[in-house]
Every structure is written in C-alpha cells, then in structure tokens.
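Descriptive analysis of the structure
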Amino acid sequence: MQKNQTRILSAALLLFGLLWIFASARPTTSNAAALASGPEVGLFAPEFTLELMSGGQMSLAELRGNVVVINLWASWCGPCRAEMPAIENIYNEYRERGLVVLAVNVTAQDSLIEAQAFATQYGLTFPILLDTDGAVSYQYRLSALPTTYFVGRDGIIKKINIGGPLSETQLRLEIEALLNGAP
Amino acid sequence: MFPVLQIGPLVLQAPGLFLLLGVWVGLNLAGKRAQASGLQSSALDNLIMFMLSGFLIGGRLVFIAANFPTFGNSPLDIFSLNYELFDLSGGLASALALGGLYGQRNGFSLWPTLDALTPFLATLTLSIGLAHLASGAAYGEVTSVSWAIKLRGAMRHPSQIYETLGAVFILFSIGLRKPYKVSGVLFLLFVSASAGMSLFLQAFRGDVTTTTSGIRVTQLAAWAVLAAALALLDRRLHAPTLQSETPTPSQDQ
C-alpha cells in the first residue's frame, strides 16, 4: 500500500473513532438504575429482616446512616473461620465510628448448634443473623461462602468480596474509605 | 457468570484461573514464535517471567508504600495472597522497568522483541475477556436488543462476550501471524487493533467513567493509544533506514 493511502486510512480511522466517541456518549440525565435495589455494586443493598442468634430481630433498613458490612458465612466453611477473627477485630476498632457488622449465618445450609458454637469459639460480639430459609442468600445471589458486602452510609453497595479469607488490612482499608466518604 | 468454583471448603476464583491459563498458553505460543523474531524461546520466557515477577512484586510493594500506616497494624498482611492488596499501575510500571532493564542487559532489540511478545499479549487479552465473562465484571449498558442478557438486575449488552469475541478475532488474525519483514509492525498492528476494538466496544459498557458531557474516558484513552500506534506504524513502514533492520540478539544456535 502506498504511503499516502495508509495515511489516509489512518486518518479516516481516527476520524471515525472520534465520531464514534461522541455518538456513543452517555446521556447526562439522572441515572435511574442508581435508584434500584440489588446485590450489585452501585445499587441499594436489598432490604431484609432476620432473627438474631441472641434473640429478637434486626432489619437492614434501620441501619441506614451507618457503614454496614454484611458477611454471609457458615460454620463448616474454612475461609469463614479464617476471616472471622479479623472481622471481629475491625468491628471492635471501628464500631464507635459507625461501623455495623451483620454476620448472616446461612442457617439453611448449616446447623444452628454448630453456628452457635462457632460464635462462642471466636467470641463474636457483632449481631449474628439467621437466614433459616435461605431467603437472604437467594436475595443476595450467594454463589460462594464467605461473601462480604460493603455498604456505605447511603445504603448503596460499594464493594463485594466473593470468597475469602479477607485480610485485616483489606477490611481496614475498605472501612476507612467508607467511614471517611461522603454520607 | 461463574465468579468462583467452590469445591467443598476450597473456593477457587474462576477469573484468576483464566488469567493463569492465559499466561501459560501465551508463554507457550510466544516461545514457539520467538524463533521467527530471531530470539531464543528461553530468553523470551525469561523476559516474560521477569516482567510477571516485576508486575506481582512491584504491584504489592507500591500498594504497601501507598498504605504503609495500615499495614503497620497487621504487618503479616504484606504476604497475604489477597489480590485486592495490589496497585495495578505500580505493577505495570515495575514490569516495564524490569523488562526494559532485562532486555537492555541481554541485548534485546526493541521491535523484534515486541513482535515476539505479541502472541503472549494477544492470549492474555483473550484471558482477560474470559475472566470478565466469569466474574461478571466489565458489564454492559442497559439495552433492549434481543440478545441482551440479564445481569445486575437489568437486561444488558453482553459486553464480556463482545470483548471475548473481539479478542479471539485479534488473536487469530494478528496475534498468531508470523512477524512481518519490518520488525515492530506485527506488534503495532496488534496494539492498533486492540485499541480500535476497545474504542468501539467501550460504547456498550455500563461500568464506565464519563466526563461531565457523558464522554467515556476509556474511549478517549483508547483513541489516544490508537493514534500513537498508527503514527508509529507509519514510521516503521515508511522510514527507509528502518527497512533493513534485522534482529541481532540471542540468535538460536
């Protein structure tokens, strides 16, 4: 191909590229999807109300304004066991600054007795909720244990961590960012 | 989407597996093609391994440096296998620096080496597409087209499939070709095609950062890369002094 032909082709490609960039620009109207609820980053964390292991009930809705870590776990899950001490440490370190940890036991796939023994063994002080019928696991499209959702003060999921174990440093970095972020 | 493969208590990250597979296949392909670029396949393997090591170690070190006080509370996390504790740009910079240093010390010529690396890079690009497909990341824009998939609570463009198909096309049309007579042309064609493909396909992505006027930042970056690659390609193809360049380093015995 001649020198001029290749240059004309290159220029045409670049011009088409520029036109495509402008043609495919996103409308700048408000994003309706951001108002939706779903177990995905950028969407509101789906609401739920569950029984507490210690008795009573707790709803996600009543925690709006706090940074919430929702951790789905089971007593037989090795990575859950490995990361739980780090979550407990972080909870104790940040609870006074507005961190709430909701440890949702996937009771439908676990044994309540084993789960209670687990909580005692690790001296867990944060609320432990019981997903006895698996509804919350389904609602959050649980694909592996553990799965952790980091929810901002605005109720929007900021990050999802599938699998584990989470390290204390990662938890600290995520939570610091959420606590220091805009409400 | 299948982000993890759970085998009993063992949770394997499917995207990570695809990336590892991509590295392994890419290394093999690059090794086989190295000879055509005048390089020893073992020398190229070493270069890639140096760059991968630089990427992994450099990315972690830069992350630690940027978050040093936090690591002070849990210093053993420096050795954590958690891939979230990683700085991507730091890793890339380290890989390039280490690769450049290794190449310089071992007398690699730049353009033949980049040609030889092209099959590796093309395979890695494909594995990134597959990793996105597995994880559900790099998801598409909301759409009503008949082939839309349900993801993240809405019907969306299957952007990960577009990305994977684009990478397959580039791999077979450019990545697996033998190098051209003028060194560097194969690599620059690969970069141009990848940037062009990205520029086109980013329009269907839903997870994009935009300017205030709605322009997708990644498209602007892809356009800039495309412009640079085309300019370099023009220089390689039409500069008479470069036509006779032949690779000098590490010829096979």
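Conventions used here
Residues numbered from 1 in each chain as written. Chains lettered and ligands numbered in written order. Predicted model: local features only at pLDDT ≥ 70, side-chain atom pairs only at ≥ 80, totals over all residues. Heavy atoms only, no water. Helix = DSSP H or I, 4+ residues; strand = E, 2+ residues; numbered from the N terminus. Buried < 20%, exposed > 50% of the residue type's maximum accessible area, 1.4 Å probe, protein only. Contact = heavy atoms within 4.5 Å. Areas by Shrake-Rupley, 256 points an atom, 1.4 Å probe, with all protein chains shown as cover. pLDDT = per-residue confidence, 0-100. Polar contact = N/O pair within 3.5 Å; in protein donor to acceptor, adjacent residues only side chain to side chain. Buried area = accessible area lost by both parts, 1.4 Å probe. Salt bridge = Lys/Arg side-chain N within 4 Å of Asp/Glu carboxyl O. Nonpolar A, V, L, I, M, F, W, Y, C, P; charged D, E, K, R; others polar. Axes fitted to C-alpha atoms, helices over the stretch in contact; angles between N-to-C directions. Left-handed = near helix turned anticlockwise from the far one by under 90°. Pairing = 2+ DSSP bridges. Phe/Tyr/Trp six-rings, centres within 6.5 Å; stacked < 30°, edge-to-face > 60°. Expected span 1.5 Å × (residues − 1).

When helices and strands are counted, chain B shows eight helices and four strands. Counting from the amino terminus, helix and strand elements in chain B follow one another as β-β-α-α-α-α-α-β-β-α-α-α. When the 253 residues of chain B are sorted by exposure, 45% land in the buried category. Summarising the internal contacts of chain B: among those between residues at least 6 apart in sequence, 66% fall at separations of at least 24. Accessible surface, chain B: about 12,800 Å² in total, of which carbon and sulfur atoms supply 69%.

Time to look at the confidence of the model for chain B. In the predicted model, chain B carries a mean pLDDT of 87, and 89% of its residues have values of at least 70. Counted against residues more than four places away or in other chains, residues 246-253 of chain B, with its pLDDT under 50, gives 21 contacts.

For the rest of this paragraph, the subject is the side chain of glutamine 160 of chain B. Secondary-structure assignment places glutamine 160 of chain B in helix α6 (residues 159-175). Within the structure, the side chain of glutamine 160 of chain B is placed 3.0 Å from the backbone oxygen of alanine 137 of chain B, a separation counted as a polar contact.

On to the interface of chain B and chain A, then. When the parts come together, some accessible area is lost, and that loss is often what is quoted as the size of the interface. Residue-level contacts link 41 residues of chain B with 39 residues of chain A. Where chain B abuts chain A, roughly 3,200 Å² becomes buried across the two surfaces, and 59% of that area is made up of carbon and sulfur atoms. Taken together, the connections running from chain B to chain A amount to two salt bridges. Salt-bridge contacts for glutamate 141 of chain B lead to arginine 26 of chain A; the nearest nitrogen and oxygen are separated by 2.8 Å. Linking chain B with chain A are 13 residue pairs in polar contact (both at pLDDT 80 or more), by the criterion used here. Within the residue set of the side of chain B that touches chain A, elements represented by two or more residues are β1 (4-7), β2 (10-13), α3 (68-73), α7 (185-201) and α8 (217-238) of chain B. Considering each element in turn, the side of chain B that touches chain A owes the most residues, eight residues, to α8 of chain B. Of the residues in the side of chain B that touches chain A, the class split is 18 nonpolar, 16 polar and seven charged.

The description of two packed helices rests on the angle between their axes and on the distance between the axes. All names here are of chain B. Across the interface, helix α2 (residues 41-66) lies against helix α4 (residues 88-105) with an axial gap of 7 Å and an inter-helix angle of 145°. Here α2 runs over α4; the crossing is right-handed. Residues Ala43, Asn46, Leu47, Phe50, Met51, Gly54, Phe55, Gly58, Gly59 and Val62 of α2 touch α4, and the partners they reach there are Leu88, Gly90, Gly91, Leu92, Ser94, Ala95, Leu96, Leu98, Gly99, Tyr102 and Gly103.

Two strands pair when backbone bridges link them, and strand β6 (residues 147-151) of chain A and strand β7 (residues 157-162) of chain A are joined in this way by five bridges, in the antiparallel orientation. If you follow tyrosine 149 of chain A over to β7 of chain A, its bridge partner there is isoleucine 160 of chain A.

What follows is about the packing of aromatic side chains. Under the defined criterion, the tally for this structure stands at 13 aromatic pairs over all chains. Here the aromatic rings of phenylalanine 200 of chain B and phenylalanine 204 of chain B are separated by 5.6 Å at their centres, their planes lie at 75°, and the arrangement is edge-to-face. Judged by relative accessible area, which is 35%, phenylalanine 200 of chain B ranks as partly exposed. The structure contains a cluster of three or more aromatic residues connected by ring pairs, namely Trp20 of chain A together with Tyr162, Phe200 and Phe204 of chain B.

Residue and element names in this part refer to chain B. Taking 1.5 Å per residue, 18 residues should reach 26 Å; α4 reaches 26 Å between its end C-alpha atoms and fits that length. Within the span of α4, buried status applies to Gly90, Gly91, Ala95, Gly99, Tyr102 and Gly103. Turning to α4, the residues buried within the fold contact α2. Two residues or fewer past α4, glycine 107 is found with a positive phi of approximately 70°.

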